[in-house]
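Survey of secondary and tertiary structure
Chain residues, written in single-letter form:
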Amino acid sequence: MKFFIDTANLEEIKEANDLGILDGVTTNPSLMAKEGITGEQNILDHYVTICNIVDGPVSAEVISTDFAGIIREGEHLASLHNNIVVKVPMILEGIKAIKYFSSKGIKTNCTLIFSAGQAILAAKAGATYISPFLGRLDDISVNGLDLIAQIRLIYDNYAYNTQILAASVRHPMHIINCAELRSDVMTGPLKAIKALANHPLTTSGLETFLADYAKGNA
Ligand code: G3P
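Now for a quick tour of the structure. (Residues numbered from 1 in each chain as written. Predicted model: local features only at pLDDT ≥ 70, side-chain atom pairs only at ≥ 80, totals over all residues. Heavy atoms only, no water.)

Let's talk about the overall build of the chain
Along the chain, the regular secondary structure elements total 11 helices and eight strands. Projecting the C-alpha coordinates of the chain onto the three principal axes gives extents of approximately 75 × 40 × 30 Å. Here the chain, with 218 residues, has 45% of them falling under the buried criterion. In the chain, the proportion of contacts linking residues at least 24 apart, taken out of those at least 6 apart, comes to 57%. Carbon and sulfur atoms provide 55% of the accessible area of the chain, an area that totals close to 11100 Å². Of the charged side chains in the chain, 17 are positive and 23 negative, and the gap between their average positions amounts to 5 Å. (Helix = DSSP H or I, 4+ residues; strand = E, 2+ residues; numbered from the N terminus. Buried < 20%, exposed > 50% of the residue type's maximum accessible area, 1.4 Å probe, protein only. Contact = heavy atoms within 4.5 Å. Areas by Shrake-Rupley, 256 points an atom, 1.4 Å probe, with all protein chains shown as cover. Lys, Arg positive; Asp, Glu negative; His and termini not counted. Charge placed at Lys NZ, Arg CZ, Asp CG, Glu CD.)

What follows is the structure, encoded as structure tokens:
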């Protein structure tokens, strides 16, 4: 399973990249705003900075909701760097735009996926990735992991090439569950990725090894 980091924070992106296990980055307008990145040019520059840190797909989201606007914005985003993936919202105008981008060889990430029907539409339009939002489904007492399993089954039934990019991942168990369900990619916060390394027996075992070494070499 590929690991993407879901943030626009450059320090966190660098830290994850330095671990050597990072495959890409996803952002959205809320994550940009959280970092204080505002204004069209600043946002575009920020995408390029991220692309220069991580050698992998970087999702950059359009804010237009009409076909012509999505195409205009998406083509400009895609021209910024080879690794840009145009993130398009799951609306009918977005589906039309994904079909267009697909015919032009521009990679897309269809975002705000909350149902299997939406995932089918995006795959038929040729989306490179779809982003089902696990955590936000969990937030309304719907099991987000069930959606991942359902989409996996459907995509396998028809050998769709669209990759499942599990998003709105909140904690390490989400990551492990996504891997069990054969999600192609997960995108989550640095905290959840780092938490995968933690185990109390690892901590206590290492303490013992180091203490025994120190005793033997005192
Ligand atoms: O990738 C989508 C993600 O940014 C949404 O996460 O935690 O805001 O639901 P969250």
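Considering the sheet that holds strand β2 (residues 24-26)
Strand order in the closed barrel formed by eight strands is β1-β2-β3-β4-β5-β6-β7-β8, and the pairing between neighbours is parallel. Going across the sheet, the axis of each strand differs from the next one's by a mean of 30 degrees, ignoring polarity. (Pairing = 2+ DSSP bridges. Axes fitted to C-alpha atoms, helices over the stretch in contact; angles between N-to-C directions.)

Focus: the packing of aromatic side chains
The full count for this structure, using the stated rule, is six aromatic pairs. Both rings, one in Phe114 and one in Phe133, keep their centres 5.5 Å apart while their planes meet at 65 degrees; by these two values the pair is edge-to-face. One end of the pair, Phe114, is in the loop between β5 (108-113) and α6 (116-125); the other, Phe133, is in the loop between β6 (129-132) and α7 (134-139), and 19 residues separate them in sequence. Taken together, the ring pairs in this structure connect Phe67, Tyr100 and Phe101 into an aromatic cluster. Just above the ring of Phe67 sits the side chain of Lys96; from NZ or CZ to the centre is 5.1 Å. (Phe/Tyr/Trp six-rings, centres within 6.5 Å; stacked < 30°, edge-to-face > 60°. Lys NZ or Arg CZ within 6 Å of the ring centre and 35° of its normal.)

Some words on the pattern of salt bridges
Inspection of the entire model under this criterion finds nine salt bridges. Notably, a salt bridge pairs Asp139 with Arg170, separated by 3.1 Å at the nearest N-O pair. Taken together, the residues Asp139 in helix α7 and Arg170 in the loop between β7 (163-166) and α9 (172-180) connect sequence positions 31 residues apart. By relative accessible area, Asp139 is classed as exposed at 52%. Three or more residues joined by partner-sharing salt bridges are found here, namely Arg152, Asp156, Arg182 and Asp184. (Salt bridge = Lys/Arg side-chain N within 4 Å of Asp/Glu carboxyl O.)

Some words on the site of the ligand
Neighbouring residues of the ligand: Asp6, Asn28, Leu31, Phe133, Arg136, Ala167, Ser168 and Arg170. Interatomic distance of 2.6 Å between a side-chain N/O atom of Ser168 and an oxygen atom of the ligand. Arg170 is positioned such that a nitrogen or oxygen atom in its side chain is 2.9 Å from an oxygen atom of the ligand. For the ligand, the accessible surface in isolation is 310 Å², of which the surrounding protein chains cover 82%. Among the detected pockets, the ligand sits in the largest pocket. Taken together, the residues that form the shell around the ligand break down as three nonpolar, two polar and three charged. (Near = heavy atom within 4 Å. Polar contact = N/O pair within 3.5 Å; in protein donor to acceptor, adjacent residues only side chain to side chain. 1 Å grid on protein atoms, 1.4 Å probe; cavity = no way out; pocket = protein on both sides within 12 Å on 5 of 7 lines; lining within 4 Å. Sits in = over half its atoms within 2 Å of the grid points. Nonpolar A, V, L, I, M, F, W, Y, C, P; charged D, E, K, R; others polar.)

As for the nonpolar core
Ranked by internal contacts, the top residues of the largest apolar core, which has 56 residues, are Phe101, Cys110, Ile130, Ile151 and Tyr155. Ranked by the residues each element gives to this core, the list is headed by helix α8 (residues 144-157), at six residues. When neighbours within four sequence positions are excluded, Ile130 is seen to be in contact with Asn109, Cys110, Ile113, Ala119, Ala122, Ile151, Tyr155, Thr162, Gln163, Ile164 and Leu165. By size, the runner-up hydrophobic cluster in this structure holds five residues, among which are Phe4, Val85, Tyr129 and Leu165. (Core = buried A, V, L, I, M, F, W, Y, C linked by side-chain atoms within 4.5 Å.)

Re the environment of Lys34
Mapped onto the fold, Lys34 is located in helix α2 (residues 29-34). Classification of Lys34 by relative accessible area gives exposed; the value is 67%. As for Lys34 and Ala8, which are separated by 26 residues in sequence, their C-alpha atoms are 8.2 Å apart.

Read these as layout, nothing more, since geometry by itself doesn't imply function.
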